[in-house]
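Observations on the three-dimensional arrangement
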Amino acid sequence: MYGSDLYPKTHCEVTVDGLSGLDRLLAIEQIKRTKAFYCFSMDTKDWDGYQNVFTDDVVLEVPSHGMGDEAARVEGASAVRKHVEDAVGNVVTTHECHTPIIDFTSATTANVVWAMEDMLRFPAGAPVTTLHGLGHYFEQYRQVDDGSWRISHVRLERLRLEVTKD
Amino acid sequence: MYGSDLYPKTHCEVTVDGLSGLDRLLAIEQIKRTKAFYCFSMDTKDWDGYQNVFTDDVVLEVPSHGMGDEAARVEGASAVRKHVEDAVGNVVTTHECHTPIIDFTSATTANVVWAMEDMLRFPAGAPVTTLHGLGHYFEQYRQVDDGSWRISHVRLERLRLEVTKD
Amino acid sequence: MYGSDLYPKTHCEVTVDGLSGLDRLLAIEQIKRTKAFYCFSMDTKDWDGYQNVFTDDVVLEVPSHGMGDEAARVEGASAVRKHVEDAVGNVVTTHECHTPIIDFTSATTANVVWAMEDMLRFPAGAPVTTLHGLGHYFEQYRQVDDGSWRISHVRLERLRLEVTKD
């Protein structure tokens, strides 16, 4: 099933003990900022900044990109950074995230779905020229000791994927 | 006129009696979530979830899609759900909503404008292959008895519409 | 360097004296609304509304659009309005802004980065047919006497730009 166990159930807010009102809104704002920085650091190739949006034990799950590659599952912030830097370090990437659905599962954890669109332009000589994807990030966030909310699990699923070759 | 009576007047916040500070921010967050679920449920074909984002007396107004169809006006949550499910139940849809402008008109009602982009890919054999639209949702929301904010009026207007046929 | 001195440093919130908790969230919401109105008023050609999102002393910096034009630096709200109205008054424009990173630099000033996408369709007879850009707005905002947050500096930088000619 699309999104699997991270598929959200309702348009209504899910409330949890210990996180409501102002505290909940502050956590939502920090979660949005963390995802903003995920996109910004990847697209501007700030790989140290990119690694910092994740918890040390983050798990990344990405599907095949339709370019002969396989689906991947990567564990750990430094391994995720290396995986993504190797994949798109020399690719012009632009990532857009829209309209999150945020469900807190405790005062320090949340499930989040982002509608996403990514547009990639590969360098001359690459097997493909452009990639255009549309789908969702199904994610989990955790507040860590420095107070920031970081991504602890990312599962990308796509509804549509188009790859072009000049 | 584009947006008609729902065209917003100012970049400044419009404040109303009885909804300010924290209460206003909580209502804004719920309105954003409701629209997120509108897009998410339509694009993942969760039609029960889709119906639930609307008030029972919702009105949907959509323009022609440039595919020989006519503009439509549909009343009632179950009729809206049927109309949309019939139209795009077997179409790959992706809806993006951006940068809402939210004006409360009372403590339990709001006018909202969302910048929108929709990209549709039709199944083999359909009269058209893809549709790409850009414009705005001019909407009204109302807080109902369960505390959630639901869409009570949707008027879609487009600035640009492109339909392709392979 | 991309973004120059306005490049944000961290995924964590930057806090400043005198603006925290509810006050910070209210300012964030107003900043988002101001940018929403920037896009909305430009795309619907409400040029009075467009001018009002800026401080009187705003500075706009835009790169070349790859159409034989030069990078521009424009000072003052009325000059910015004239510059943009002259450039796209008869062009179908759609501007999307995503996932802001907002750093307050005082209780009444903030640095903000927006991921952006713009899609332009020029009228018949223009030198080009469409323009498609992806990049970031690096901006500064200031709260003015009427309480609203306005844009005091806009610097647009693009990661990708494509211009087509039929």
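Residues numbered from 1 in each chain as written. Chains lettered and ligands numbered in written order. Predicted model: local features only at pLDDT ≥ 70, side-chain atom pairs only at ≥ 80, totals over all residues. Heavy atoms only, no water.

A few words now on the overall build of chain A. The helix and strand tally for chain A stands at 3 helices and 6 strands. From first element to last, N terminus to C terminus, chain A shows the α and β order α-α-β-β-α-β-β-β-β. In terms of overall dimensions, chain A is globule-like: its C-alpha atoms have a radius of gyration of 16 Å, near the 15 Å expected for 166 residues. Dimensions along the principal axes, computed over C-alpha positions, put chain A at roughly 55 × 30 × 20 Å. A total of 166 residues make up chain A; the buried ones form 59% of that total. In chain A, of all internal contacts separated by at least 6 residues, the share reaching a separation of at least 24 is 60%. Carbon together with sulfur atoms contributes 49% to the accessible area of chain A, which is approximately 6600 Å² in total. (Helix = DSSP H or I, 4+ residues; strand = E, 2+ residues; numbered from the N terminus. Rg over C-alpha atoms; globule rule 2.2 N^0.38 Å. Buried < 20%, exposed > 50% of the residue type's maximum accessible area, 1.4 Å probe, protein only. Contact = heavy atoms within 4.5 Å. Areas by Shrake-Rupley, 256 points an atom, 1.4 Å probe, with all protein chains shown as cover.)

A separate point is the relation of the copies chain C and chain A. The two copies are related by a screw operation: chain C maps onto chain A through 120° of rotation and 0.0 Å of translation along the axis, at an RMSD of 0.0 Å. As the rotation angle and translation indicate, the two copies are arranged about a three-fold axis. A share of only 19% of the interface residues of chain C reappears at the interface of chain A, consistent with the copies meeting through non-equivalent patches. (Least-squares fit on C-alpha atoms with pLDDT ≥ 70 in both.)

So, on to helix H1 (residues 21–44) of chain C. Its 24 residues place the ends of H1 of chain C 35 Å apart at the C-alpha level, agreeing with the 34 Å of an ideal helix rising 1.5 Å per residue. Of all 24 residues in H1 of chain C, 20 are buried; the element is thus mostly enclosed. (Expected span 1.5 Å × (residues − 1).)

Here we come to the packing of helix H1 (residues 21–43) of chain A against H1 of chain C. One can describe the packing of H1 of chain A onto H1 of chain C by two numbers: an axis separation of 10 Å at closest approach and a directional angle of 50°. The angle between the axes of H1 of chain A and H1 of chain C places the two elements in the oblique class. The crossing of H1 of chain A and H1 of chain C is left-handed. Contacts from Leu22, Leu25, Leu26, Glu29 and Lys32 of chain A in H1 of chain A reach Gly21, Leu22, Arg24, Leu25, Ile28 and Lys32 of chain C in H1 of chain C. Broken down by class, the residue content of the contact of H1 of chain A with H1 of chain C amounts to 6 nonpolar, 1 polar and 4 charged. (Axes fitted to C-alpha atoms, helices over the stretch in contact; angles between N-to-C directions. Parallel < 35°, antiparallel > 145°, perpendicular 65-115°, else oblique. Left-handed = near helix turned anticlockwise from the far one by under 90°. Nonpolar A, V, L, I, M, F, W, Y, C, P; charged D, E, K, R; others polar.)

Here 6 strands make up an open sheet; going across it, the order is E2-E1-E6-E5-E4-E3 (chain A) and the pairing mixed. Two strands bound the open sheet, and with one partner strand each, they are strand E2 (72–75) and strand E3 (92–106) of chain A. When strand polarity is set aside, the average angle formed by the axes of neighbouring strands in this sheet is 15°. Pairing of strand E4 (residues 109–121) of chain A with strand E5 (residues 130–143) of chain A involves 13 bridges; the strand directions are antiparallel. Bridging from a neighbouring strand, Met119 of chain A pairs with His132 of chain A of E5 of chain A. In the packing of H1 of chain A onto the sheet, contacts are made with strand E1 (54–62), E3, E4, E5 and strand E6 (149–164) of chain A, and the angle to E3 of chain A comes to roughly 155°. Sitting on the sheet, helix H1 (residues 21–44) of chain B is in contact with E3, E4, E5 and E6 of chain A, with an inclination near 110° to E3 of chain A. (Pairing = 2+ DSSP bridges.)

Taken together, the contacts link 31 residues of chain C with 31 residues of chain A. In terms of surface lost to chain A, no three residues of chain C exceed His11, Thr99 and Arg160 of chain C, which account for 29% of the buried area on that side. Inspection of the region where chain C meets chain A yields 3 salt bridges. In this structure, Glu29 of chain A engages Lys32 of chain C in a salt bridge whose closest nitrogen and oxygen atoms are separated by 3.3 Å. (Buried area = accessible area lost by both parts, 1.4 Å probe. Salt bridge = Lys/Arg side-chain N within 4 Å of Asp/Glu carboxyl O.)

Overall, the coordinates contain 0 disulfides over all chains when judged by the stated rule. Here Cys97 of chain A is not disulfide-linked; the sulfur of Cys39 of chain A is the nearest cysteine sulfur, at 3.6 Å. (Disulfide = S-S within 2.5 Å.)

This brings us to unusual backbone geometry. Not every positive phi belongs to a glycine, and Thr99 of chain A is a case in point at roughly 40°. Relative to the helices and strands, Thr99 of chain A is located in strand E3. Residue Lys45 of chain B is not a glycine yet carries a positive backbone phi of 65°. Residue placement: Lys45 of chain B occurs in the loop between H1 and helix H2 (47–51).

So, on to the confidence of the model for chain A. Residues at a pLDDT of 70 or more form 96% of chain A, whose mean pLDDT is 93. Reported confidences for the modelled complex are a pTM of 0.95 and an ipTM of 0.94. (pLDDT = per-residue confidence, 0-100.)

Attention now moves to the pattern of salt bridges. The tally for this structure, following the rule as stated, stands at 39 salt bridges over all chains. Notably, a salt bridge pairs Arg150 of chain C with Asp146 of chain C, separated by 3.1 Å at the nearest N-O pair. Taking relative accessible area as the criterion, Arg150 of chain C reaches 14% and is therefore assigned buried. On the accessibility criterion, Asp146 of chain C (47% relative accessible area) is partly exposed. One network of salt bridges, with partners in common, ties together Asp48, Arg81 and Glu85 of chain A.

The next thing to look at is the sheet that holds strand E5 (residues 130–143) of chain C. Residue and element names in this part refer to chain C. Read from one edge to the other, the open sheet built from 6 strands follows the order E2-E1-E6-E5-E4-E3, with strand pairing classed as mixed. Each edge of the sheet is formed by a strand with only one pairing partner; in this case those strands are strand E2 (72–75) and strand E3 (92–106). On average, adjacent strands in this sheet sit at an angle of 15° to one another, irrespective of strand direction. Helix-sheet contacts for helix H3 (residues 77–88) involve strand E1 (54–62), E2, E3 and strand E4 (109–121), and the interaxial angle to E1 is about 45°.

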